[in-house]
Amino acid sequence: MRHTYLGETIQFEINYKKRASMGVQIDAYGYVEVQAPKGTSDKIVIQLIEQNWNQIQQKSKEMKERMLGPKERDYHHGETFLYLGKTYPIQISQDTTIKKDHVVFEEGILRIVVKQLEDEKIKQALKRFYYQRCKALIEKSIRKYQSDFKVKPRSIRITDSKANWGTCDSQLQLTFNWRLAMAPLEVIDYVVVHEMCHMVHLNHDRSFWRLVGKMSPNFKEQEKWLSLSSWKMTV
């Protein structure tokens, strides 16, 4: 079925089932399905679609973009990047007198100041910003939870990992992915808790997950955010 609303058209399927209420599901490809009780009229289904129009459009768009994978980034005014779970535009300016290229986040804008207006210089300035912010955020989170642990990490490093958000080795050395600075604070806290729990339980046995659940009761929501959003955490 197709329906046009607010100048946009959406295509969806209706799946009638033995159930008491209606619901909308969007699969990994961005396709929309309405699950409705048997006998539900098309008019009622359309009302549900329109009531949730913005959320459906946004979610469908995100899932389709996710299927395409990370896009090649542009480094021009207005291009958006994630920071603490939200997208913000960049503003680029040149200043040949500065000692080092840098980024300042203020008034909802990632302000990038570079000596040379080159994409690579802008990219590296952004990466340094995320590294620095990630280190500060991770250290703050560790201080927040340290009183709940009898052991302390021997060292804390920020790395450019392609496979892990964080690790903890047998020497209690913790490492974290700099891209975590793009995630919401609650997600950062969860990754920190996860790795700190490995200081007590090095594997992923039941005792480990019980401790994680005690420290971070909503950890599955944070894992879901990372699963759905990691593809766009790029510079």
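Residues numbered from 1 in each chain as written. Predicted model: local features only at pLDDT ≥ 70, side-chain atom pairs only at ≥ 80, totals over all residues. Heavy atoms only, no water.

Focus: the environment of T87
Right, so step 1: Its place among the elements puts T87 in strand β6 (residues 86–94).
Right, so step 2: It is 9.1 Å that separates the C-alpha atoms of T87 and G108, two residues lying 21 residues apart in sequence.
Right, so step 3: Those residues in contact with T87 that lie beyond four places of it in its chain are T80, F81 and L82. (Helix = DSSP H or I, 4+ residues; strand = E, 2+ residues; numbered from the N terminus. Contact = heavy atoms within 4.5 Å.)

What about the pattern of salt bridges?
Right, so step 1: Counted under the stated rule, the structure contains seven salt bridges.
Right, so step 2: Across the pair R73 and E79 runs a salt bridge whose closest N-O atoms are separated by 3.3 Å.
Right, so step 3: By relative accessible area, R73 is classed as buried at 13%.
Right, so step 4: For K135, the salt bridge identified is with E139, shortest N-O distance 2.5 Å. Linking K135 with E139, this pair stays in helix α3 (residues 119–145), spanning four residues, or about one helical turn.
Right, so step 5: Classification of E139 as partly exposed rests on a relative accessible area of 26%. (Salt bridge = Lys/Arg side-chain N within 4 Å of Asp/Glu carboxyl O. Buried < 20%, exposed > 50% of the residue type's maximum accessible area, 1.4 Å probe, protein only.)

Considerations on the nonpolar core
Right, so step 1: Counting residues in each nonpolar core, the largest one holds 49 residues, and the members touching the most others are I112, Y130, I138 and F176.
Right, so step 2: Every element with two or more residues in this core is listed here: β5 (80–83), β6, β8 (109–114), α3, β11 (173–177), α4 (185–197), α5 (206–215) and α6 (219–229).
Right, so step 3: The dominant element in this core, judged by the number of residues it contributes, is α3, at 10 residues.
Right, so step 4: If sequence neighbours within four positions are ignored, Y130 has contacts with F81, L82, Y83, L110, W178, A181, M182 and V235.
Right, so step 5: Listed in part, the 10 residues of the second largest apolar core include I10, F12, V45 and I46. (Core = buried A, V, L, I, M, F, W, Y, C linked by side-chain atoms within 4.5 Å.)

Looking at the packing of aromatic side chains
Right, so step 1: Per the stated rule, a full pass over the model turns up 11 aromatic pairs.
Right, so step 2: On the basis of an interplanar angle of 70° and a centroid distance of 4.8 Å, the ring pair of Y88 and F105 is categorised as edge-to-face. You can see Y88 sitting in strand β6 and its partner F105 sitting in strand β7 (residues 102–106), a full 17 residues away along the chain.
Right, so step 3: Residue class for Y88 comes out buried when judged on its relative accessible area of 18%.
Right, so step 4: By the ring-pair criterion, three or more aromatic residues cluster together here, those being Y83, Y88, F105, F129, Y130, Y131 and W178.
Right, so step 5: Between the NZ or CZ atom of R73 and the centre of the ring of F81, over which it lies, the distance is 3.9 Å. (Phe/Tyr/Trp six-rings, centres within 6.5 Å; stacked < 30°, edge-to-face > 60°. Lys NZ or Arg CZ within 6 Å of the ring centre and 35° of its normal.)

A look at the packing of α4 against α5
Right, so step 1: For the pair α4 and α5, the least separation of the axes is 10 Å and the interaxial angle reads 145°. Handedness of the α4/α5 crossing: right-handed. Here Y190, V193, H194 and C197 of α4 come into contact with α5, specifically with F208, W209, L211, V212 and M215.
Right, so step 2: Partitioned by chemical class, the residues of the contact of α4 with α5 number eight nonpolar, one polar and no charged. (Axes fitted to C-alpha atoms, helices over the stretch in contact; angles between N-to-C directions. Left-handed = near helix turned anticlockwise from the far one by under 90°. Nonpolar A, V, L, I, M, F, W, Y, C, P; charged D, E, K, R; others polar.)

A word on helix α1 (residues 42–51)
Right, so step 1: Residues of α1 that are buried include every one of V45, I46, L48 and I49, and no others. Considered in projection along α1, the buried side chains sweep an arc of 160° and stay on one side of the axis. Turned more than 90 degrees away from the buried face of α1 sit K43 and Q51, all of them exposed. (Arc of directions from axis to C-beta.)

Some points on the sheet that holds strand β9 (residues 155–159)
Right, so step 1: The sheet built from three strands is open, its strands ordered β9-β11-β10 with mixed pairing. Edge positions in the sheet fall to β9 and β10 (166–168), since each has one partner strand and no second. Across the sheet, the axes of successive neighbouring strands diverge by a mean angle of 15°, strand direction being ignored.
Right, so step 2: Sheet analysis places β9 next to β11, joined by five bridges and oriented parallel. Across the sheet, the residue bridging to I156 is L174, located in β11. (Pairing = 2+ DSSP bridges.)

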